[in-house]
Amino acid sequence: MRKHTIFILLAVLTAATFSCRKEATKKDNGTFDTLLEESMKTIRIIESFELQLNGNYKSGQFVEIDSAVWYAEAMQNLAYAHPEIAFDDFVRTKTPYTLTIDQYQMVTMVDFDAMYDDMEADLLAELEQIPSEEKNLRFADVRLDSIVGSTAFISVVRAYGFKFIYGWYEPFDEEDDWYWGTLGQEEFNNPPTGKCDATMQGVSDGSDELMSRLNNPVIEFEQPFRFIPTSIGDPIVFHGLDDFYGRLYAGWNYPENNCLTNELLTYYLEESHEILHNLNEGIRPEGKHLFDVYIFDYLKLENFEGTYYHQYEATYGILTLVPPSN
């Protein structure tokens, strides 16, 4: 098997200007110092709120609903998130919660504390259910879905990674020809279709292979920092049928199970990377960085003809550095 390396430097890591053992990069101390200073301000805000929450005087105290959502998200990510660790497989969950608010959209600290305890318990329970010894939360995205009367309806989308792999984009080699994807993999737990030579069935498919690589950078850090997402935005959804036609996979000749050669997969990997990270031609919001991407396998039927395609769901947030003591 021919081995080679694709060096694709993720924007989320470029922003931090870490030096790299795999590929030399020039360290901009000013940029790093600014990022570290802003990160430490964020961490102090989170830790100050946690002290207030755990203190003896939270009874009678209030927090605005928007702030409650931000703190619930930031606290979970600071305590548990490790998006810097590379994993091969991924799973997402969505869990609903409610909070009682007053006429000024304020929440009592007591009610917030009870909700956060439930969130933390659910996170640990979900993590426990993943059948792997090597697993971590990638991010928790807390969303205010709606307000009806005196009730705020909140949900938390959590992304978990499991099956550890080393942190670089693994190249597609000559033997890496995979079927495009698997219909019903997420909804009905259908087994992945495998490689085009009928091997690896039930193990992986083309979209899984792309997703695994896109979620894992080609960098190793010398600085002993981890990073977490804060201020996570709504996921950005896009695909190759209309949004990026010709740059992302959109199949042909349904119902054939399209085979993607290693050359095609390499092309889709490179195009996906540009779309996810390039501010000029992609979808990355200004000032935010990619923390997770999920690829869903879909079929569009029209006039008794169909097209298989990959739909991407990308989650961005603000990069916050966490020193080793946290």
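Computed from a prediction, not measured in an experiment: that's the story for all the values here.

*Asks:* Honestly, the packing of helix α6 (residues 206–214) against helix α7 (residues 262–277) in this entry has me stumped. Any pointers?
*Replies:* Packed helices, taken two at a time, are described by their axes: the angle between them and the distance between them. Between α6 and α7, the shortest axis-to-axis distance is 10 Å and the interhelical angle comes to 45 degrees. As summarised for this structure, α6 and α7 are arranged oblique, according to the angle between their axes. Once α6 is placed against α7, the crossing between them reads as right-handed. Touching G206, L210, R213 and L214 of α6 are L265, Y268, L269, S272, H273 and L276, all from α7. Across the contact of α6 with α7, the residue classes tally to 6 nonpolar, 3 polar and 1 charged.

*Asks:* Any chance you could explain the packing of aromatic side chains here in plain terms?
*Replies:* Ring pairs (aromatic) are described by centroid distance and by the angle formed between their planes. Counted by the stated rule, this structure contains 14 aromatic pairs. Between W70 and Y71, the ring centres sit 5.2 Å apart and the planes meet at 85 degrees, which makes this aromatic pair edge-to-face. The exposure class of W70 is partly exposed, given its relative accessible area of 25%. A network of ring pairs unites the aromatic residues F49, W70, Y71, F112 and Y116 as a single cluster. Between R213 and the ring centre of F172, over which it is positioned, the NZ or CZ distance is 3.8 Å.

Cut-offs used in this document
- Residues numbered from 1 in each chain as written.
- Predicted model: local features only at pLDDT ≥ 70, side-chain atom pairs only at ≥ 80, totals over all residues.
- Heavy atoms only, no water.
- Axes fitted to C-alpha atoms, helices over the stretch in contact; angles between N-to-C directions.
- Helix = DSSP H or I, 4+ residues; strand = E, 2+ residues; numbered from the N terminus.
- Parallel < 35°, antiparallel > 145°, perpendicular 65-115°, else oblique.
- Left-handed = near helix turned anticlockwise from the far one by under 90°.
- Contact = heavy atoms within 4.5 Å.
- Nonpolar A, V, L, I, M, F, W, Y, C, P; charged D, E, K, R; others polar.
- Phe/Tyr/Trp six-rings, centres within 6.5 Å; stacked < 30°, edge-to-face > 60°.
- Buried < 20%, exposed > 50% of the residue type's maximum accessible area, 1.4 Å probe, protein only.
- Lys NZ or Arg CZ within 6 Å of the ring centre and 35° of its normal.

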